[in-house]
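# Architecture at a glance
Listed here are the chains, written in short residue letters.
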Amino acid sequence: NPATGGANLVLMSENREKEIGAEEYEKILASMPMYKDPELEAYVTEVGNRIASVSHRPDLDYKFFIIDSPDINAMALPGGYVYVNRGLLTFMNTEAQLAAVLAHEVGHITARHAVQQQARGALANAASTVGGLVTAVATGSGYVGSQISQVTSIWAQTGLSGFGREGELEADSLGAEYLLKAGYDPNAMIEVVTVLKNQEDFNRRVQGQRGTYHGVFATHPRNDTRLQQAIA
């Protein structure tokens with residue numbers, strides 16, 4: 001694992017990872033509209049590159065995009081592609097909070113979470129085929145929102161739904177590290193997750209919706225011991 005130094009099973013090279021990112025970009029362009037505001041796009045890219053430059057994989061050609069969707073979400077795809085929804089940006093109150101969102105997604109990329117998940121899925125499918133069994137593979141962590149129905153790409157669906165509690169906490173931890181190295185307050189990561197959890201609670205109360213952005217926190221972020229430990 002380029003970010004943690006731990007051992008992970010992956011079934012593709014970094015070059016293939018980059019190719020997938022480029023292929024998925026074309027699919028996303030065909031299925032979801034991009035938000036056209038050159039000044040805002042440049043700002044998000046500037047903050048994103050500031051984070052990426054201090055990450056564990058600074059040599060990737062990172063690209064940052066704004067999707068014209070009101071859904072509160074963001075996603076990271078292999079090879080350095082980061083997508084943030086217009087709806088999520090409306091809840092960011094400081095540059096540090098924007099940087100925290102981008103740092104979290106960059107953390108998914110540097111730790112190769114999507115590639116790891118693909119490898120686990122491939123092995124599970126192979127095992128079910130050999131054993132003559134039907135194996136259900138969990139690909140996310142709860143509700144993923146209406147946006148999932150707009151994309152046909154398995155990679156994008158995985159990115160939107162999240163990478164499970166372990167992966168999300170690891171991305172928060174890495175993101176906090178990148179925030180500090182880039183000159184931001186790492187506590188902005190907790191601020192961002194808190195804002196998103198507040199909105200999740202509000203949606204549940206008003207509309208009965210379950211969760212939003214990679215919703216993995218059953219408790220409130222400020223009371224979530226493992227999140228606090230990750231940021232510390």
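Described below are features of the structure shown in this document.

About the thresholds
Residues numbered from 1 in each chain as written. Predicted model: local features only at pLDDT ≥ 70, side-chain atom pairs only at ≥ 80, totals over all residues. Heavy atoms only, no water. Core = buried A, V, L, I, M, F, W, Y, C linked by side-chain atoms within 4.5 Å. Buried < 20%, exposed > 50% of the residue type's maximum accessible area, 1.4 Å probe, protein only. Contact = heavy atoms within 4.5 Å. Axes fitted to C-alpha atoms, helices over the stretch in contact; angles between N-to-C directions. Helix = DSSP H or I, 4+ residues; strand = E, 2+ residues; numbered from the N terminus. Parallel < 35°, antiparallel > 145°, perpendicular 65-115°, else oblique. Nonpolar A, V, L, I, M, F, W, Y, C, P; charged D, E, K, R; others polar. Salt bridge = Lys/Arg side-chain N within 4 Å of Asp/Glu carboxyl O. Pairing = 2+ DSSP bridges.

Let's shift gears to the nonpolar core. Among the nonpolar cores identified, the biggest contains 42 residues, and I51, L88, L102, L179 and Y184 are the most heavily contacted of them. Those residues in contact with I51 that lie beyond four places of it in its chain are A99, A103, V106, Y178, L179, A182 and Y184. Among the nonpolar cores identified, the runner-up in size contains nine residues, and M34, I67, M75 and L77 belong to it.

So, about the packing of helix α4 (residues 95–110) against helix α8 (residues 188–207). Following both chains from N to C, one finds α4 and α8 inclined at 90°, their axes separated by 8 Å at the closest point. Between α4 and α8, the crossing angle belongs to the class labelled roughly perpendicular. Between α4, through A96, Q97, A100, V101, A103 and H104, and α8, the contact on the second element is made entirely by A188, M189, E191 and V192. Taken together, the residues that form the contact of α4 with α8 break down as seven nonpolar, two polar and one charged.

All right, on to the environment of A99 then. Structurally, A99 is set in helix α4. Along the primary structure A99 and N49 are separated by 50 residues, whereas in three dimensions their C-alpha atoms are 9.8 Å apart. Other than its neighbours up to four places away in sequence, A99 contacts V47, I51, L179 and Y184.

Taken as a whole and assessed by the stated rule, the structure comprises nine salt bridges. The partner of R112 in a salt bridge is E17, and the shortest N-O contact between them spans 2.8 Å. Here E17 lies in helix α1 (residues 14–31) and R112 lies in the loop between α4 and α5 (113–131), a separation of 95 residues in the sequence. Assigned by exposure class, R112 and E17 land together as buried. Here R86 and D68 are joined by a salt bridge, their closest N and O atoms 2.5 Å apart. You can see R86 sitting in helix α3 (residues 86–89) and its partner D68 sitting in the loop between β1 (63–67) and β2 (74–77), a full 18 residues away along the chain.

In this section: unusual backbone geometry. Residues other than glycine seldom take positive phi values, yet R112 does so here, at roughly 55°. For R112, a relative accessible area of 13% translates into the label buried.

Spatial ordering of the open sheet is given by β1-β3-β2, a layout of three strands whose pairing is mixed. Looking at which strands have only one partner, the edges of the open sheet turn out to be β1 and β2. Across the sheet, the mean angle from the axis of one strand to that of its neighbour is 20°, orientation sign disregarded. On top of the sheet, α1 reaches β1, β2 and β3 (81–85); it is set at about 30° to β3, its chief contact. Contacts between α4 and the sheet are confined to β1, β2 and β3, with β2 contributing the most and set at about 30° to the helix.

Honestly, it's all geometry; don't read function into it.
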